[in-house]
Every structure is written in structure tokens, then in C-alpha cells.
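Fold and contact review
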Amino acid sequence: LRSEFVVIGAHYDHVGRGLVEGLSRGGQGEIHNGADDNATGVAALLEIAEAYSLARLRPKRSLLFVAFDAEELGLHGSSAFVASCGYEQDRFHGMINLDMIGRSGVQNVMVGRRASDESLGEHIYLAAEVLGLNVDETGMESFLDRSDQAPFLRAGIPSVFFFGGLHDDYHLPVDDVEKILPEKVSNVARLAFLTSWFLANENEPSN
């Protein structure tokens, strides 16, 4: 199964000084640091990659760790990746996206996925049970087109959006590191790692 891939991704762009119309919710001209959106997701991406590199066991499938650009401008990086990354789309066994995972209750994780991706859902809930975390899918259908899992979903690839939830500092200059809950980031990263491990070790090939 090594010729199949599980993609783990997060976008590293934010809104700069908020000068692009419609992106900033206030404070145009000020630096928007984007600590939660999406430095938290990128930090988790790097931690998961390190965890896999240090693990004695290797998953059956290959892993692709991807930091996407231009998410805020319209998912351009992830769309380009799906369209022209050089890998055939039927080789992608699943995709895990990490975006804004550093705020709100440390034991709760918002999860967006298609209900039809039943096997992926089973992996998520099993991982959450092992880790003692709460999965909340309430209202997440409306977010499925709003982050980097969307191009993968449109290509028919099972994908999950791990999300901490919206907050009052969203797309404002005050989205700063002092407000990040490290335990929340750690919990979501562990959930993503374990979910990806289950996905990467499923016995059945994609085709």
C-alpha cells in the first residue's frame, strides 16, 4: 500500500495587514499575526511529522505533509495541489486538515467531514475515545467548503477538517499567541496523528 497516500495539511498564510477587501474584520493596516489562524495548524503539522519520523513503527501507506499557501485568498494552494501535484488523485486514501485549533475548550474538537465517509468517521471517533476527547460535528457542514479540505472533497477524497471553532478575534489583529491554549493544540494534534495512523493502516486499498 506504499503507493497510496494520506495527506496531512495546514495553511501557513494569513491576511497580512488586512488590506485585501473582505478578509479583515477590522484594524486594516495593522499586522494580523494569525496565531490561531493558522499558526496553530502549522505547528501541529510539524509536530505530527516529527512524531512519525521518530516512531519505530511505519504505517502501511505513505504520508504527505503539505503546508498550503493562499488559503485566505480562495484555497488556491490546496486547489493547485489537488489539480497538479504530480500524484494521481486515486492514490490519495484520505486527507486531514488542521485549521484554527488553538482556542475554546481543550477537550472539545470541532470536526467537519462528509457523513458518507463512514470509515474515516469511525477512525476519528475511535481516536477521540482513546484520547478522552469530545468530537462535535454540529454545524460543520457549512465549513466543508471553507478550508483546504474542500478541493480534496470535491475530488472525492475522504477528508476531515479539525477545527477549534470561531472566536471574536477571527481575522483581527488581536489573534495573538498569548491567547492560544497549548493543551488544545496538543490534543488536536494527537487526534489528527491517531486518525492518520488508522487511515494509513487500513487493510483495503483505495481501488
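The structure contained in this document is the topic of the report that follows. All of these numbers come straight from a predicted model, not from anything done at the bench.

1. Things to note about the pairing of strand β6 (residues 159-163)
Side chains on a regular strand alternate between the two faces of the sheet. By the criterion of burial, β6 is predominantly enclosed, with five of the five residues buried. Of the two faces of β6, both are covered, the one formed by S159, F161 and F163 as well as the one formed by V160 and F162. By the bridge criterion, five bridges tie strand β3 (residues 92-99) to β6 in an arrangement that is parallel. For I96, the partnering residue across the bridge sits in β6 and is V160. One ladder, built from three bridges, connects strand β4 (residues 108-112) with β6; its direction is antiparallel. Its bridge partner being in β6, V111 is matched across the sheet by F162.

2. Describing helix α3 (residues 118-131)
Its 14 residues place the ends of α3 20 Å apart at the C-alpha level, agreeing with the 20 Å of an ideal helix rising 1.5 Å per residue. Against the buried residues of α3 lie β4, β5 (134-136), β6 and α5 (182-200).

3. Focus: the sheet that holds β6
Strand order in the open sheet made by the six strands is β2-β1-β3-β6-β4-β5, with mixed pairing throughout. Each end of this open sheet is capped by a strand with a single partner; those strands are β2 (62-68) and β5. Taking each pair of neighbouring strands and ignoring which way they run, the sheet shows an average axis angle of 25°. Where helix α2 (residues 76-84) meets the sheet, it contacts β1 (5-11), β2 and β3, and its direction lies at approximately 145° from that of β2.

4. Thoughts on the nonpolar core
Judged by nonpolar contacts, the single largest core of 33 residues is most densely connected at L98 and F162. Listed by contribution, the elements that provide at least two residues to this core are β1, α1 (35-54), β3, β4, α3, β6 and α5. One finds F5, L64, F68 and M95 within the second-largest nonpolar core, a separate group that totals eleven residues.

About the cut-offs
- Residues numbered from 1 in each chain as written.
- Predicted model: local features only at pLDDT ≥ 70, side-chain atom pairs only at ≥ 80, totals over all residues.
- Heavy atoms only, no water.
- Buried < 20%, exposed > 50% of the residue type's maximum accessible area, 1.4 Å probe, protein only.
- Helix = DSSP H or I, 4+ residues; strand = E, 2+ residues; numbered from the N terminus.
- Pairing = 2+ DSSP bridges.
- Expected span 1.5 Å × (residues − 1).
- Contact = heavy atoms within 4.5 Å.
- Axes fitted to C-alpha atoms, helices over the stretch in contact; angles between N-to-C directions.
- Core = buried A, V, L, I, M, F, W, Y, C linked by side-chain atoms within 4.5 Å.

Just geometry here; none of it tells us what the structure is for.
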